Amino acid sequence: MRARIIMAAAVLALAAACSPAEEKAPAPAEAPLAGRAAIYAAGEQDAEAFARALYADAAAPVANDPAKATIIPGRDPLYTRTLNALIGVDFREAQSRNEVPYLNYDPVCACQDADGFALVALRMTPDGDKASTAEVTFTNHGETHQQTLKLVREGPMWRIADAIDGQGKSLHDALMAIAEKAEG
C-alpha cells in the first residue's frame, strides 16, 4: 500500500513537471497620470515633485483635461485659499466693470500660451515643514524666463501661494492691491 502511495505521488509529480505551466496574463499596466491628475498626485508627495509636475504640464499640456475644464476663477486646487480668494475678487471686480481681469494669464508659465516650453532649472529651498520656495528658470517662445513660486502645504497637498516674476513683481501683492481697492 505504501508503495502504491509513493508511486502515485511520483506519477503526479512527473505529470506536473511535464505539463506546460499555466500562463497568467500580465496585469494591465495603469496609464500614467497626466495633466491636472498628475499635478494633484505630485502635490501630495513633496514640494519639488509638485513644482516639477506644474512645469511638466506647462511643457506638455493635456488637451481637454477634464479636471481643468471645471475650474472657475478663485476655486483652483493649485492655489492656496488666500490666493484663490484674491483671484476670485480680481475676476468679480473685472466682470463688474466688463473688463479683463488682472490675472488673464497662467502664472506657472507667466504666459497666455506656451510654445517650445521647457523647464531649464529648478532650485528648491525649504522654508519650514509646510513652506518651500521654488526658483525656476524656463524657456518659452524661445526666451528664457525666471520666476519664483512660493509653495505652501495646505491640507494634503502643496499649493501655490505666490508667483514672483523675474523683476520681483508678486502676483499675490498685485491681487491684494486690487482686493483692497475693491473694499474701499
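Everything that follows concerns the structure shown earlier in this document.
Residues numbered from 1 in each chain as written. Predicted model: local features only at pLDDT ≥ 70, side-chain atom pairs only at ≥ 80, totals over all residues. Heavy atoms only, no water.

Our focus in this paragraph is the pairing of strand E3 (residues 143-154). Sheet topology places strand E2 (residues 131-140) next to E3; ten bridges connect them, and they run antiparallel. Bridged to Thr137 within E3 is Gln146. Linking two consecutive strands that pair antiparallel, namely E2 and E3, is a turn of two residues; a positive phi of about 55° is found at His141 within it. Taken together, the eight bridges between E3 and strand E4 (residues 157-165) define a ladder with antiparallel strand orientation. By the bridge assignment, Thr148 is partnered in E4 with Ile164. (Pairing = 2+ DSSP bridges. Helix = DSSP H or I, 4+ residues; strand = E, 2+ residues; numbered from the N terminus.)

This paragraph deals with the packing of helix H5 (residues 81-96) against helix H6 (residues 171-183). Contact geometry for H5 and H6: axes closest at 9 Å, N-to-C directions at 55°. Classed by the angle they form, the pair H5 and H6 counts as oblique. Helix-helix and strand crossings are classified by hand; for H5 and H6 the assignment is left-handed. From H5, Thr82, Leu83, Leu86, Ile87, Val89, Asp90 and Glu93 reach across to H6, where they touch Leu171, His172, Leu175, Met176, Ile178, Ala179 and Ala182. (Axes fitted to C-alpha atoms, helices over the stretch in contact; angles between N-to-C directions. Parallel < 35°, antiparallel > 145°, perpendicular 65-115°, else oblique. Left-handed = near helix turned anticlockwise from the far one by under 90°. Contact = heavy atoms within 4.5 Å.)

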